[in-house]
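# Inside the fold
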Amino acid sequence: MKKFISFNLTASIFFVLGCSGPSGSPGISDNEILIGNVQDLSGPMKELGKLLPSGSNLYLDYVNNNGGVHGRNVRMLVEDAQYNPQKTVAVVKKLIEKEQIFCLYNVIGTSPVEAIRPLLEESGVPLIAPATQSGTMSDMSRPAARYIFHTDTGYDIQAGILTEYVIKLDPNAVIGVIYQDDDYGDNVLKGIEAIEYELNISVQKEAFQRGATEFSGQVMNLMKGGCTHVIIAGIVKEPIIIMKTAEAMGFSPQFLGISPTMDHRVALAAGSAGEGFIAANFAYLWDSDNEIPNLYRELCEKANVPVAMRGMYHYYGFTTAIILVEGLNRAGKNPTRKKLIRGMETFNNWNMAGTQPITYSRNDHAGAESVILVQVKDGVQQTISTWLE
Amino acid sequence: MNSLFTEISQEIVSGIALGSIYALIALGFILIYKATEVVNFAQGELMMVGAYVNFFLIQSFTSSMGAPTFLTFILGLLGSIIFAVLFGWFLDLIINRPMKDEPVFSIIMATISIGIVLRAIVGLIAGPMSLVPKSPFGGAHIQLSGIIISILDLFIIGAAIALVAVFYYFFNKTRWGLAMQATSEDPIAAELMGVPVNKVYSLVWIFAAIVAAVSGVLLAPRAAILDTNMGFLGLKAFPAAVLGGFGSIPGAIVGGVILGIIETVSMGTLSFHFQWVKEINDIIVWIVLIAVLMIRPTGILGTEEIKKV
């Protein structure tokens, strides 16, 4: 019996040592940093599930081919949770306990991330760049907030920036918002309500259900309300149908969109109805002449990334991977999860990721609070502003 | 008042167009149910497959014939219908025939599985990226007394009416239609009476696939983006079939149009004038469905079936 206990103890010690690297942290070995990514590979957002990790790997391969992070290659495990909170909990448990990842990165969706907060709190595993722009990600009063580093400007802040932009251009503007009736829309409304109070204005609000293909009722209401500017909190098909419906009805306000509408297919499919459409964006346009977009396109060419995949979502994976790698760099030569958190908290107006400048501190994990505006002109998206806060 | 009338009329017209799409999908449910008493929960996915086939046919015609013309779209539609005939026959072969004598519940489960498999296969073949389908009519629309209706919507309404009329005539006035009804009532007795039951089953799956393909072809440009989630619309059309009277062909269009109008008007004028309506928009359809079923359990045009045991 004693022998058995002794063997088990020895095996356990070897197991723990085997799982922990030279720095004593799981997921770190002499030549590798293992990170976990949870995507939707077979559910309703599988398009993003394909694009985001592909963009991230494009940058991680570039880093690994150039010596890695302090001599270690970064390897990313991608798990499928189908955008489902329960499945996300299960696969995150697997990544932490079985795969022994160093940190999580890019877990997709507001509800899935909310569901794993207790796991993050319990394990102390940091989550870098959750793939959702919900402002709740950087709410420091929520559980496990100290482990989550948001990289995107929240939908609530975006809604506020767009409203303020409109009022600055036209103080007499009548603004309407048409929003998806879920977490995303709720966060947009939170921002709208805050800016209504701040500017002492009233914004007309119209909701639609996720997956809707008919918007004539809401468009007519916006027309009845005399809206001169309409903010669309949809994804891709909603702005297309809304703007086409408005055009057919002879209703021509200035349409603006929260960042998920910043997809080049909006301009492509909306045609003349989408001309002039302004969308908020989290980064420089992927095809613009800036340092990081230039590097992105160069690497896309080298890696033969299909043209259809290049665009804002693929670029999102690329840019958030830059932030992740910078954080890993700042965690030092012998990284631990605590060192990663401390390293992330040293970002100060850091703008080397081709996105808005990123700042973190011990009490602020929002990362970014600004957007750049992009407008469709002659069917092509063009940047029309600097970073707006 | 005049303005309010125009607004509500506009919403009703848009609701009829939306309801016609529900009606087309519901028609597919009803066709299979009428002949086999099976609810095909893969009907939405059949529509999605039809839309994808049409998209790739148009794309290939465009690459060989140049910019898409009306002829390209017609060829695409015909190609999709031919594919639907083969696909419907194939589905009958792999689902219906092997499971013919199994409990209806098992066949329904099989159709749910087929739906999931179809979404996965189409995703694998077409890739994860959503596609941007083109409408043969572009953004063309007409205006009648201030009410605007797109030509595409007119076609959708026309297609729903035409297909419902054709299948109503077929089921009630033709030998094959009566054979289908007899098969549904009692397949063994029908077979003894000389009805080729297997052929009846094949035919009804083929019809359902054709209806699905036509609705997919028409819906894709209206939805602006084509992806495998399109199949989930089938779940919205199911209450339309129940509301109209499951098993009643005209009931498909009645149920579809009522749901379409309720959805559009409640999201529009009702929400504009009564804030609280906004809060119940997503359940209003179900409230109406429950209310109708409480008064008429068989749906609006459904008839009570009495079976001898």
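On a predicted model such as this, the values are computed, not experimentally measured, just so you know.

### Some thoughts on the overall build of chain A
- Across its full length, chain A carries 13 helices and 14 strands.
- For 389 residues, the compact-globule estimate of 2.2 N^0.38 gives 21 Å, and the C-alpha radius of gyration of chain A, at 22 Å, lies within 12% of that figure.
- Dimensions of chain A along its principal axes, counting C-alpha atoms only, are 85 × 40 × 35 Å.
- Counting over 389 residues, chain A shows a buried share of 54%.
- Look at the contacts in chain A between residues 6 or more apart in sequence, and 66% of them connect residues 24 or more apart.

### So, the sheet that holds strand E5 (residues 148–149) of chain A
Residues and elements named next belong to chain A.
- If you walk across this open sheet you meet the five strands as E2-E1-E3-E4-E5, and the pairing is parallel. Each of the sheet's edge strands pairs with one partner strand only, and the pair in question is strand E2 (73–80) and E5.
- As judged from the three bridges shared by strand E1 (residues 32–39) and strand E3 (residues 103–105), these two strands associate in the parallel manner. Its bridge partner lying in E3, Gly 36 is registered against Leu 104.
- In the packing of helix H2 (residues 46–65) onto the sheet, the strands contacted are E1 and E2, and the crossing angle to E2 comes to about 170°.

### Here we look at the sheet that holds strand E7 (residues 204–208) of chain A
Residue and element names in this part refer to chain A.
- The strand order across the open sheet built from seven strands is E7-E6-E8-E9-E10-E13-E14, with neighbouring strands paired in mixed fashion. Two strands lie at the open edges of the sheet, namely E7 and strand E14 (380–383), each paired on one side alone. Across this sheet, the average inter-strand angle for adjacent strands is 25°, counted without regard to direction.
- When strand E6 (residues 175–180) meets E7, the two strands line up parallel, connected through five bridges. Along E7, the bridge assignment pairs Val 177 with Lys 205.

### What about helix H13 (residues 337–344) of chain A?
Residues and elements named next belong to chain A.
- For H13, the full list of buried residues reads Arg 337, Leu 340, Ile 341 and Met 344. Taken down its axis, H13 places every buried residue within 100° of arc, on the same side.
- Looking at the packing, one finds that the buried side of H13 touches E3, E5, helix H12 (312–330) and strand E11 (359–361).

### Comments concerning the packing of helix H2 (residues 43–65) of chain B against helix H3 (residues 70–96) of chain B
Residue and element names in this part refer to chain B.
- Where H2 meets H3, the closest approach of the two axes is 8 Å, and the angle between their N-to-C directions is 135°. Judged by the angle between their axes, H2 and H3 are oblique. Pair H2 / H3 crosses with right-handed handedness. Every residue of H3 that contacts H2 at Val 49, Gly 50, Val 53, Asn 54, Leu 57, Ile 58, Phe 61, Thr 62 and Met 65 is listed here: Thr 72, Phe 73, Leu 75, Gly 76, Leu 77, Gly 79, Ser 80, Phe 83, Ala 84 and Phe 87.
- When grouped by side-chain class, the residues that make up the contact of H2 with H3 number 12 nonpolar, seven polar and no charged.

### Some points on the environment of B:Met180
Residue and element names in this part refer to chain B.
- Along the chain, Met 180 falls in helix H6 (residues 175–185).
- Taking C-alpha positions, Met 180 is 23 Å from Ile 300, a pair spaced 120 residues apart along the chain.
- Excluding anything up to four places from it in sequence, Met 180 contacts Lys 34, Ala 35, Phe 171, Val 200 and Val 204.

### Focus on the interface of chain B and chain A
- Counting residues at the interface gives 33 residues for chain B, matched by 32 residues for chain A.
- Sorting the residues of the side of chain B that touches chain A by element identifies helix H1 (2–36), helix H4 (104–126), strand E2 (147–150), helix H8 (197–223), helix H10 (249–273) and helix H12 (281–295) of chain B as the ones contributing at least two each.
- Among the elements that line the side of chain B that touches chain A, the one with the most residues is H10(B), at eight residues.
- Taken together, the residues that form the side of chain B that touches chain A break down as 13 nonpolar, 13 polar and seven charged.

### Focus on the packing of H2(A) against H12(A)
Residue and element names in this part refer to chain A.
- Running from amino to carboxyl end, H2 crosses H12 at an angle of 45°, the nearest separation of the two axes being 7 Å. As judged from the angle between their axes, H2 and H12 are oblique. Of the two elements, H2 crosses H12, and the hand of that crossing is right-handed. Where H2 approaches H12, its residues Leu 48, Leu 51, Leu 52, Pro 53, Ser 54, Gly 55, Ser 56, Leu 58, Tyr 59, Leu 60 and Val 63 are matched on the opposing element by Tyr 313, His 314, Tyr 315, Tyr 316, Gly 317, Phe 318, Thr 320, Ala 321, Ile 322 and Val 325.
- Along the lines of polarity and charge, the residues of the contact of H2 with H12 split into 15 nonpolar, six polar and no charged.

### Let's talk about the nonpolar core
- Among the nonpolar cores identified, the biggest contains 215 residues, and B:Ala23, B:Ala26, B:Leu27, B:Val204 and B:Ala209 are the most heavily contacted of them.
- With 19 residues, the top contributor of residues to this core is H8(B).
- Of the domains in this structure, domain 1 (27–153 + 289–367) and domain 2 (155–281) of chain A are the two that each give at least three residues to this core.
- Dropping the residues within four chain positions of it, B:Leu27 is found in contact with B:Leu163, B:Val164, B:Phe167, B:Val211, B:Ile249 and B:Ala252.

### Some points on the domain arrangement of chain A
Residue and element names in this part refer to chain A.
- Partitioning chain A into structural domains gives domain 1 (27–153 + 289–367) and domain 2 (155–281).
- Here the C-alpha centre of domain 2 lies 29 Å away from the C-alpha centre of domain 1.
- Counting residues at the interface gives nine residues for domain 1 and 12 residues for domain 2.

### A few points about the pairing of E6(A)
All names here are of chain A.
- Counting buried residues along E6, six of its six residues qualify, which places the element largely inside the surrounding structure.
- In E6, alternate side chains face the same way, and those of Ile 175, Val 177 and Tyr 179 on one face and Gly 176, Ile 178 and Gln 180 on the other are all buried.
- Bridge count between E6 and strand E8 (residues 229–233): five bridges; the pairing is parallel. Each bridged residue has a counterpart across the sheet, and for Gly 176 the counterpart in E8 is Val 230.
- Each parallel crossover has a hand, and the one from E6 via helix H7 (residues 183–199) to E7 is right-handed.

What counts, and at which threshold
- Residues numbered from 1 in each chain as written.
- Chains lettered and ligands numbered in written order.
- Predicted model: local features only at pLDDT ≥ 70, side-chain atom pairs only at ≥ 80, totals over all residues.
- Helix = DSSP H or I, 4+ residues; strand = E, 2+ residues; numbered from the N terminus.
- Rg over C-alpha atoms; globule rule 2.2 N^0.38 Å.
- Buried ≥ 20, exposed ≤ 12 C-beta atoms within 10 Å, placed from the backbone.
- Contact = placed C-beta atoms within 7 Å.
- Pairing = 2+ DSSP bridges.
- Axes fitted to C-alpha atoms, helices over the stretch in contact; angles between N-to-C directions.
- Arc of directions from axis to C-beta.
- Parallel < 35°, antiparallel > 145°, perpendicular 65-115°, else oblique.
- Left-handed = near helix turned anticlockwise from the far one by under 90°.
- Nonpolar A, V, L, I, M, F, W, Y, C, P; charged D, E, K, R; others polar.
- Core = buried A, V, L, I, M, F, W, Y, C linked by C-beta atoms within 7 Å.
- Domains from an automatic or database assignment.
- Right-handed = clockwise from strand over helix to strand, strands pointing away.

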